[in-house]
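# Inside the fold
These are the residues of each chain, in order.
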Amino acid sequence: MLSNPAFFPAGAAAQGACGTQSSGQATWPSSRAGAVLTIDLGAVAFNYRHVAHRASRSICAAVVKADAYGLGAARVAPALEHAGARQFFVAHVDEGLALRQHVSARCGVTVLHGPRPDAVADCLAHGLRPVLNSLEQIGWVRDAARKRGQAVDVALQLDTGMSRFGLAEAELRRVAGDPALLEGLSVSLIMSHLACADNPADPANAMQAARLRDYAALLPPAPLSLAASSGVFLGPDYHFDLVRPGAALYGVAPNMTGPNPLRQVVRLQAHVLQTRALNKGDRVGYGLTWQAQGPCRVATISVGYADGFARQGAGTGCVWFRGVRLPILGRISMDSMTVDISHLPQGQLEADGMVDLLNETYGVDAVGAAEGTIGYEVLTSLGRRYHRIYADNPAP
Ligand SMILES: *Cc1c(COP(=O)(O)O)cnc(C)c1O
């Protein structure tokens, strides 16, 4: 919908589109898709600078795994590099290979999962820094370094309590006690990951930071890293030498303790396919689970669970039109959902109008709460069939 020009002004939003958009009524070149996803690279850059400023004594990397949390690493990573990022993190070797095409050669690319044996050669040939999470991975990359006859730059992950990735304490002590195990490996980062950083009051945070310090002291000195997005907002005790934000760059709130200081990055606008008036007793959707208690008006909109809007979101979820909340009625279908428009003045929203599913005031965290999940999952679930527009809006 175009009635809220304060968010993504028309001129800015048209950048990167395959056509332009006139002011006033929608003349989207995007009418062939069910919905329009606008990704504000200006907001991504703002968020990067905000996080980097919070951890100004550390290097601020950027995590762009999962195709930049679903927003398109090909567009997001260059915007982050332009904003100052020089270190990027992905999960898989494949993601690293793809990212190499979108950031300049001066940028470091680190692969969080490290390589499996068959992928070590590709990883090193493309200058990707592997995170070594296990004794097995250390062995595979050490063998490759010996074959190459030159030291290989690696990051080493230590488990400080999450039991997910990294060397357990006993393994670390083995490595520390036998320098031959790291032969040919040049450890340029020692990292770990916080399990409870979104809750600043959780004692696990300080415990993990202390363990990282203690464990790293057993190894030759190297830069340390612990904080992802939420960890940055725990304060300087958690910043160490490098911070690794992902979600915060894309507008997800780092914790629930105050207002979200980050800008929303995505706006999702769906086309209205049709509207109709219902009488008391009429039912809506698969299973006829919703029933009108009196006369009302409903609209069918062109986004469904195949577009990343979880089926269980019905009942608590809503969409928006000019600041009016339109509750989702009944079950969400694969390609559509039905919403209550009874509270809009008659004639204001008709077939061919648009509603907001995500916007500045109702962002990924709010949708996550309505769907019983988190903003991270809302972002990474956003569908592939939206018409995507990359905007570059300046700070408000
Ligand atoms: C995904 C990930 C990050 C980024 O986490 P956010 O919470 O999105 O900031 C950082 N470090 C590791 C190891 C990760 O897996």
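Residues numbered from 1 in each chain as written. Predicted model: local features only at pLDDT ≥ 70, side-chain atom pairs only at ≥ 80, totals over all residues. Heavy atoms only, no water.

### Some thoughts on helix α2 (residues 41-54)
Since one α-helical turn is 3.6 residues long, residues separated by three or four positions face the same way. The condition is simple: A run of H or I in DSSP counts as a helix once it spans at least four residues, and a run of E counts as a strand once it spans at least two, with each numbered from the N terminus. Here the expected span of a helix is defined as 1.5 Å times the quantity of residues minus one. In this scheme, a residue with accessible area under 20% of its type's maximum is buried, one over 50% is exposed, and one in between is partly exposed, where area comes from a 1.4 Å probe on protein chains only. Residues are treated as being in contact if the distance between any of their heavy atoms lies within 4.5 Å. Under the rule applied, a polar contact is a pair of N or O atoms within 3.5 Å (in protein, one hydrogen donor and one hydrogen acceptor; residues adjacent in sequence only if both atoms are side-chain atoms).
Given a rise of 1.5 Å per residue, 14 residues ought to cover 20 Å, and the 20 Å separating the end C-alpha atoms of α2 matches this to within 8%. Inspection of α2 places L41, G42, A43, V44, A45, N47, Y48 and V51 among the buried residues, and these make up the whole buried set. Each element contacted by the buried residues of α2 is listed here: β1 (35-40), β2 (59-60), α4 (73-83), α10 (229-232) and β19 (387-391). Where α2 begins, the capping side chain belongs to D40, and its oxygen is found 2.9 Å from the backbone nitrogen of G42.

### Focus: the UniProt feature "active site" (unreviewed entry) in the chain
Put simply, the rule is: UniProt positions are given in the numbering used here, feature names are shortened, and annotations may be inferred rather than shown by experiment. Cavities and pockets were defined on a 1 Å grid built from protein atoms only: a cavity is a group of points that admits a 1.4 Å probe but offers it no way out, a pocket is an open group of points flanked by protein on both sides within 12 Å along at least five of seven lines, and a lining residue is one with an atom within 4 Å of any such point.
UniProt's feature table lists "active site" (unreviewed entry) at K65 and Y286, given in the numbering used throughout. Spatial dispersion of the annotated residues is evident: they stretch over 222 residues in sequence, and the largest pairwise C-alpha distance comes to 35.8 Å. Considering only the annotated residues already named, the ones lining the largest pocket are K65. Within the secondary structure, K65 sits in helix α3 (residues 65-69). Setting aside its immediate chain neighbours within four residues, K65 contacts F89, V90, A91, E95 and L112. The exposed category is assigned to Y286, whose relative accessible area is 57%.

### Digging into the packing of aromatic side chains
How two aromatic rings sit relative to each other is given by the distance of their centres and the angle of their planes. Heads up, the condition is: Any two rings among Phe, Tyr and Trp, with Trp reduced to its six-membered ring, count as a pair given centres within 6.5 Å; such a pair is stacked if its planes are under 30 degrees apart, edge-to-face if over 60, and tilted if neither.
The full count for this structure, using the stated rule, is three aromatic pairs. Plain terms: the ring middles of Y69 and Y250 are 4.9 Å apart, the flat faces sit at 40° to each other, and that makes the pair tilted. Linking Y69 in helix α3 with Y250 in the loop between β10 (242-243) and β11 (266-278), this pair joins segments that are 181 residues apart in sequence. Both rings, one in Y69 and one in Y376, keep their centres 6.4 Å apart while their planes meet at 40°; by these two values the pair is tilted.

### Quick notes on the state of the cysteines
Test applied: The definition used for a disulfide is geometric: two cysteine sulfur atoms within 2.5 Å.
Across all of its chains, the model carries zero disulfides by this definition. In this structure C296 is a free cysteine whose sulfur lies 17 Å from that of C318, the closest cysteine sulfur available.

### Let's talk about the site of the ligand
Rule in force here: When at least one non-hydrogen atom of a residue lies within 4 Å of a molecule or strand, that residue is treated as near it. Per-residue and other accessible areas follow the Shrake-Rupley method at a 1.4 Å probe size, with only the shown protein chains counted as cover for residues. Being in a pocket or cavity means that more than half of the molecule's atoms lie within 2 Å of its grid points.
Around the ligand sit 14 residues, and of these K65, Y69, S229, G246 and Y376 come closest. K65 places a side-chain nitrogen or oxygen 2.7 Å from an oxygen atom of the ligand. One nitrogen or oxygen atom from the side chain of Y69 is found 2.5 Å from an oxygen atom belonging to the ligand. Relative to its free-state accessible area of 390 Å², the ligand is covered by the protein chains to the extent of 91%. Most atoms of the ligand, that is more than half of them, are within 2 Å of grid points of the largest pocket.

### Brief notes about the domain arrangement of the chain
Heads up, the condition is: Where each domain starts and ends comes from a domain assignment, either automatic or drawn from a database. Summed over both partners, buried area is the accessible surface (1.4 Å probe) that two parts give up on being assembled. Here, a salt bridge means any side-chain nitrogen of Lys or Arg that lies within 4 Å of a carboxyl oxygen of Asp or Glu. Here the term charged refers only to Asp, Glu, Lys and Arg, the term nonpolar to Ala, Val, Leu, Ile, Met, Phe, Trp, Tyr, Cys and Pro, and the term polar to all other amino acids, Gly among them.
Domain annotation for the chain reports domain 1 (12-33 + 265-391) and domain 2 (41-250). Computed over C-alpha atoms only, the centres of domain 1 and domain 2 are separated by 37 Å. Contact with domain 1, which involves 10 residues of that partner, is made by 14 residues of domain 2. Between domain 1 and domain 2, roughly 1100 Å² of surface is buried when both sides are summed, and carbon and sulfur atoms account for 61% of that area. Among the residues domain 1 hides against domain 2, the three largest losses belong to V265, L379 and Y390. Together they make up 52% of the total. Linking domain 1 to domain 2 there are one salt bridge. Its salt-bridge partner being D67, residue R384 comes within 3.7 Å of it at the nearest N-O pair. If you look at where domain 1 meets domain 2, you find three residue pairs in polar contact (both at pLDDT 80 or more). Looking at the side of domain 1 that touches domain 2, its residues break down into seven nonpolar, one polar and two charged.

### Re the side chain of N47
Along the chain, N47 falls in helix α2. Leaving out residues up to four positions away in the same chain, N47 has contacts with A248, L249, Y250, G251, L262, R263 and V265.

### A word on the layout of surface pockets
Worth spelling out the cut-off: Grid points are joined across faces, edges and corners, and a volume is the space filled by probe spheres set on the points.
In this model, the largest pocket occupies a volume close to 870 Å³. Counted by class, the lining of the largest pocket contains 23 nonpolar, 12 polar and six charged residues. Here the lining of the largest pocket spans two domains, since at least three of its residues come from each of domain 1 (12-33 + 265-391) and domain 2 (41-250).

### Structural notes on the UniProt feature "binding site: substrate" (unreviewed entry) in the chain
The sites that carry the UniProt feature "binding site: substrate" (unreviewed entry) are, in the present numbering, R164 and M334. These annotated residues cover 171 residues of sequence, and their C-alpha atoms reach 34.0 Å apart at the extremes, leaving them scattered rather than at a single site. Lining the largest pocket, out of the annotated residues just given, are R164. Within the secondary structure layout, R164 lies in the loop between β7 (152-157) and α8 (169-177). Setting aside anything within four residues of it in sequence, one finds R164 in contact with D159 and H193. With respect to the element layout, M334 can be found in the loop between β16 (324-329) and β17 (337-340). Judged by relative accessible area, which is 41%, M334 ranks as partly exposed. In this structure M334 touches G304, Y305, A306, D307 and R385, once residues within four positions along its chain are discounted.

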